[in-house]
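# Secondary and tertiary structure notes
Residue-level listing of the chains:
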Amino acid sequence: MAGLKLVFCGTPRFAVPTLEALLSARHRIALVVSQPDKPAGRGQQLVAPPVKQTALACGLAVTQPEKIRNNAEFRAQLESIAPDAIVVVAYGRIIPPWMLALPRLGCINLHASLLPKYRGAAPIQWAVACGETMTGNTTMLLEEGLDTGPILLQQTMPIGAGQTAADLFAVLADAGAPLVVETLAGLAAGALQPKPQDHSQATLAPLLDREDGRMDFAARTATELNNRWRGFQPWPGAFTSLNGRKLIVHQLAVATTPPAAAFPASPGQTTAEDHRLFVACAQNTWLELVDLQLEGKKRLSAAEFLRGVQLPAGFRLG
């Protein structure tokens, strides 16, 4: 089968394996659309997004419009290409109606969740943070709603007990790439029947906020806080406060049995035992804080931290 003429919309590293897979499948990528370069690092130098870097290395045409909804020049450019399909992977912009209607096979999106669960900007993070044991990828036809379009193909995979969202990003990106290639082949052959989503089962995965990383010991059990720490890697992580200063928790673990020195404790109260630091959480559960960093200080193991900070028994965090 001759390759399809495609426009590819994507920005971060998550989208790169799909772009590479489409090229390997001999599809003709007439244009790559990515978000504008962003300042990064101490010098705030402009840095091209990973999709742009990959596209230029492969000799592909790239455009980076600031806006797309009412962009007459961009619209004319896409209409002149007349793509068979537009493939959208983590582009980061809402696709306008004129663009949805343009390609004969539609706008195909790769979404890193088992839709209709976890619609939104951060599906990988929220699936882990909510303690899911399974996740996956979905290809769908985009429509005007947020991740509401009919499903084309899905694949499932387990979430390991110790896996973080950062671990899963690469796994799902690599697994999703061949799924997009398979989806395009099925659409081109007329062998795929889009399946409407069950909207009653939908859950949301909104963009993360810094406050999502704040540890609420009274509202959440140790397992729930551990899941949120796993889900919110690398950002916003997990943090609490110590005497009014931010305390970042870089590594933690659920205490399967309460520390021997534990006392009837209210959430947020701490106890130290054998150079280890524990904090009480909801429902009489305990977290071990393994690696910590006090605002303005370097990262320390719990043993090092306890040597430098005298915490009286029952001291409360948060």
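The following paragraphs examine the structure supplied in this document. (Residues numbered from 1 in each chain as written. Predicted model: local features only at pLDDT ≥ 70, side-chain atom pairs only at ≥ 80, totals over all residues. Heavy atoms only, no water.)

### Here we look at the nonpolar core
Put simply, the rule reads: For our purposes a nonpolar core is just a set of buried Ala, Val, Leu, Ile, Met, Phe, Trp, Tyr and Cys residues, chained together by side-chain atoms within 4.5 Å. Burial here depends on accessible area, computed with a 1.4 Å probe over protein chains only, as a share of the maximum for the residue type. Under 20% is buried, over 50% is exposed, and the range in between is partly exposed. Helix and strand labels come from DSSP, where a helix needs a run of H or I of at least four residues and a strand needs a run of E of at least two; each type is numbered from the N terminus.
By size, the foremost hydrophobic cluster in this structure holds 45 residues, and its most contacted members are Phe 8 and Leu 184. No other element matches the nine residues that helix α6 (residues 165–188) contributes to this core. The next biggest cluster of nonpolar side chains, apart from the first, holds 23 residues, and it includes Phe 217, Cys 281, Leu 287 and Leu 292.

### A short note on the pattern of salt bridges
We apply this condition: We count a salt bridge whenever a side-chain nitrogen from Lys or Arg sits within 4 Å of a carboxyl oxygen from Asp or Glu.
Scanning all chains against the criterion turns up seven salt bridges. Here Arg 276 and Glu 288 are joined by a salt bridge, their closest N and O atoms 2.8 Å apart. You can see Arg 276 sitting in strand β13 (residues 276–281) and its partner Glu 288 sitting in strand β14 (residues 285–294), a full 12 residues away along the chain. For the salt bridge of Asp 291 with Arg 299, the shortest nitrogen-to-oxygen distance reads 3.2 Å. Relative accessible area serves as the criterion here: at 45%, Arg 299 is assigned to the partly exposed category.

### So, the packing of aromatic side chains
Spelled out, the test is: Each Phe, Tyr or Trp ring (for Trp, its six-membered ring) is paired with any other whose centre lies within 6.5 Å, and the angle between the two planes then decides the class: stacked below 30 degrees, edge-to-face above 60, tilted in between. As a reminder, the over-ring test applies to NZ of lysine and CZ of arginine, requiring each to be within 6 Å of the ring centre and within 35 degrees of the ring normal.
Using the criterion set out here, one finds three aromatic pairs in the structure. Taking 6.2 Å as the distance between ring centres and 90° as the angle between the ring planes, the aromatic pair formed by Phe 14 and Phe 169 counts as edge-to-face. Residue Phe 14 is located in the loop between β1 (5–10) and α1 (16–24), and its partner Phe 169 is located in helix α6; the two are separated by 155 residues in the primary sequence. Looking at Phe 14, the relative accessible area reads 11%, which means it is buried. For the ring pair Phe 74 and Trp 98, a centre distance of 5.9 Å and an interplane angle of 75° mean the geometry is edge-to-face. Taken together, the positions of Phe 74 in helix α3 (residues 72–81) and Trp 98 in helix α4 (residues 97–100) put the pair 24 residues apart, joining distant regions of the chain. Neither Phe 74 nor Trp 98 differs from the other in exposure class; each is buried. Across from the ring centre of Phe 239, 4.6 Å away, lies the NZ or CZ of Lys 246, which sits over that ring.

### Structural notes on α3
Here is the rule we go by: Within this analysis, the arc is defined by the directions that extend from the helix axis to the C-beta atoms. Whenever a nitrogen or oxygen atom comes within 3.5 Å of another N or O atom, the pair is scored as a polar contact, on the condition that within protein one atom can donate a hydrogen and the other can accept it, and that pairs from neighbouring residues in sequence are kept only if both atoms are in side chains.
Turning to α3, its buried residues number three or more, namely Phe 74, Leu 78 and Ile 81. Along the axis of α3, the buried positions cluster into a sector of 55°, meaning they face one direction only. Along α3, the residues that are exposed and aim more than 90 degrees away from the buried face are Ala 72, Glu 73 and Ser 80. With a side-chain oxygen positioned 3.3 Å from the backbone nitrogen of Glu 73, the residue opening α3 is Asn 71. Among the residues trailing α3, Ala 82 stands out with phi positive, at a value near 50°.

### Remarks on the packing of α1 against helix α2 (residues 50–57)
Put simply, the test is: Here, axes are lines fitted to C-alpha atoms. For helices the fit covers the stretch in contact, and angles between N-to-C directions go from 0 to 180 degrees. Comment on the angle field: the value is read as roughly parallel under 35 degrees, roughly antiparallel over 145, roughly perpendicular from 65 to 115, and oblique elsewhere. Each crossing gets its hand from how the near helix is turned against the far one by less than a right angle, where anticlockwise is left-handed and clockwise is right-handed. The contact criterion used throughout is that any non-hydrogen atoms of two residues lie within 4.5 Å. Throughout this entry, Asp, Glu, Lys and Arg are counted as charged residues, while Ala, Val, Leu, Ile, Met, Phe, Trp, Tyr, Cys and Pro are counted as nonpolar. The remaining residues, Gly among them, count as polar.
Axis separation between α1 and α2 bottoms out at 9 Å; the angle between their running directions is 25°. When the axes of α1 and α2 are compared, the pair comes out roughly parallel. In the packing of α1 onto α2, the handedness of the crossing is right-handed. Contact with α1, carried on its side by Val 16, Leu 19 and Glu 20, involves Pro 50, Val 51, Thr 54 and Ala 55 of α2 and no other residues of that element. In terms of residue class, the contact of α1 with α2 is built from five nonpolar, one polar and one charged.

### A few points about the side chain of Gln 155
Secondary-structure assignment places Gln 155 in strand β9 (residues 151–158). Relative accessible area serves as the criterion here: at 19%, Gln 155 is assigned to the buried category. Of note is the side chain of Gln 155, whose polar atom sits 3.4 Å from the backbone nitrogen of Gly 176. Gln 155 has contacts with Leu 114, Thr 135, Gly 136, Asn 137, Ala 175, Gly 176 and Leu 179, leaving out every residue within four places of it along the chain.

### Examining the environment of Leu 168
By secondary structure assignment, the location of Leu 168 is in helix α6. A relative accessible area of 1% places Leu 168 in the buried class. In this structure, the C-alpha to C-alpha distance between Leu 168 and Gln 125, residues 43 residues apart in sequence, is 8.9 Å. Once you skip the residues sitting within four places of it in the chain, Leu 168 turns out to touch Ile 124, Val 128, Thr 135, Ile 159 and Gln 163.

### Notes on the packing of α1 against α6
Orientation of α1 relative to α6, taken along the N-to-C sense of each, is 40°, at an axis distance of 8 Å. Considering the angle they form, α1 stands oblique to α6. In the packing of α1 onto α6, the handedness of the crossing is right-handed. Here α1 contributes Pro 17, Thr 18, Ala 21 and Leu 22 to the contact with α6, which in turn contributes Ala 173, Asp 174, Gly 176, Ala 177, Val 180, Val 181 and Leu 184. Among the residues making up the contact of α1 with α6, the classes are represented as eight nonpolar, two polar and one charged.

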